[in-house]
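Read off the chains here:
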Amino acid sequence: MKKVFTLIILSAVMFSCSKDDIAIEETTAVELTESKTIIYKGISYTAQINQQGEIDKTGLNQDLINAIASSHVVELSDENTMYLYDQIAEVNTLITAKTSSLSSKNGVINEKSGVAKSTGYQHENYRGFPLGGTGNFSYPSLRPHGFNDLISSAIVTNFSARGYLAQYFEHDNYRGRIYTLILAPGEVKYNPNLRSVGMHDKTSSMVGRYL
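The structure contained in this document is the topic of the report that follows. (Residues numbered from 1 in each chain as written. Predicted model: local features only at pLDDT ≥ 70, side-chain atom pairs only at ≥ 80, totals over all residues. Heavy atoms only, no water.)

Considering the packing of aromatic side chains
Okay, step 1: Tallied over the full model, the rule gives six aromatic pairs.
Okay, step 2: Ring centres of Phe 169 and Tyr 174 lie 5.4 Å apart, and the angle between their planes is 65°; this geometry places the pair in the edge-to-face category.
Okay, step 3: We classify Phe 169 as buried; its relative accessible area is 5%.
Okay, step 4: Chaining the aromatic ring pairs together yields one cluster made of Tyr 121, Tyr 126 and Tyr 190. (Phe/Tyr/Trp six-rings, centres within 6.5 Å; stacked < 30°, edge-to-face > 60°. Buried < 20%, exposed > 50% of the residue type's maximum accessible area, 1.4 Å probe, protein only.)

Structural data, given as structure tokens:
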């Protein structure tokens, strides 16, 4: 009887430790890792990114929270900033403005390659199978390539003398929400986790083109 009682006590202690370990892991999973500037309707906000790669919405107003979930996202290669737009026309206006300024540089940045490239990866941190293109390319549907709603991370490089644009669309035929990356000549943009821009496993069509 004494042995049985001892086993019960040990089991209770071990179970308690397991619960503590789980609690610690859960706390660690939502720790904040970096800050990011978000610009929406001309107002600048500072948000935190947690270890899961998601924007921590604590302290953000409801208008901004709704925009993060539904707006188009634009990122520039040389900024740690997300621009949120409700209308595609606003995205196109920014692209037009950047086209003239980014194309003002002359000469090839990297003589060896001289090209731009956009690649999406099946898993976070550039793991799994890649799918992308070089220079001007388009995928109106990722279904034939077995990549529909599977892209989780992305790398875009621009070793050309022109600006470069990479876009990831929520639906086939370039519809739905758009995640846009704009790169100046000689720039590289890494996004190890598309959760931060609300496009984790949500891309169904893709475009890359020189500006």
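What follows picks up the thread again.
Some words on the layout of surface pockets
Okay, step 1: As a volume, the largest pocket reaches approximately 260 Å³.
Okay, step 2: Lining of the largest pocket is provided by 18 residues; of these, Glu 34, Asn 191, Pro 192, Asn 193 and Ser 196 occupy positions nearest its centre.
Okay, step 3: Those elements that place two or more of their residues in the lining of the largest pocket are strand S1 (32-40), strand S2 (43-50) and strand S12 (188-191).
Okay, step 4: Among the residues making up the lining of the largest pocket, the classes are represented as three nonpolar, nine polar and six charged.
Okay, step 5: Volume-wise, the second largest pocket comes out at about 200 Å³. (1 Å grid on protein atoms, 1.4 Å probe; cavity = no way out; pocket = protein on both sides within 12 Å on 5 of 7 lines; lining within 4 Å. Points joined across faces, edges and corners; volume = space filled by probe spheres on them. Helix = DSSP H or I, 4+ residues; strand = E, 2+ residues; numbered from the N terminus. Nonpolar A, V, L, I, M, F, W, Y, C, P; charged D, E, K, R; others polar.)

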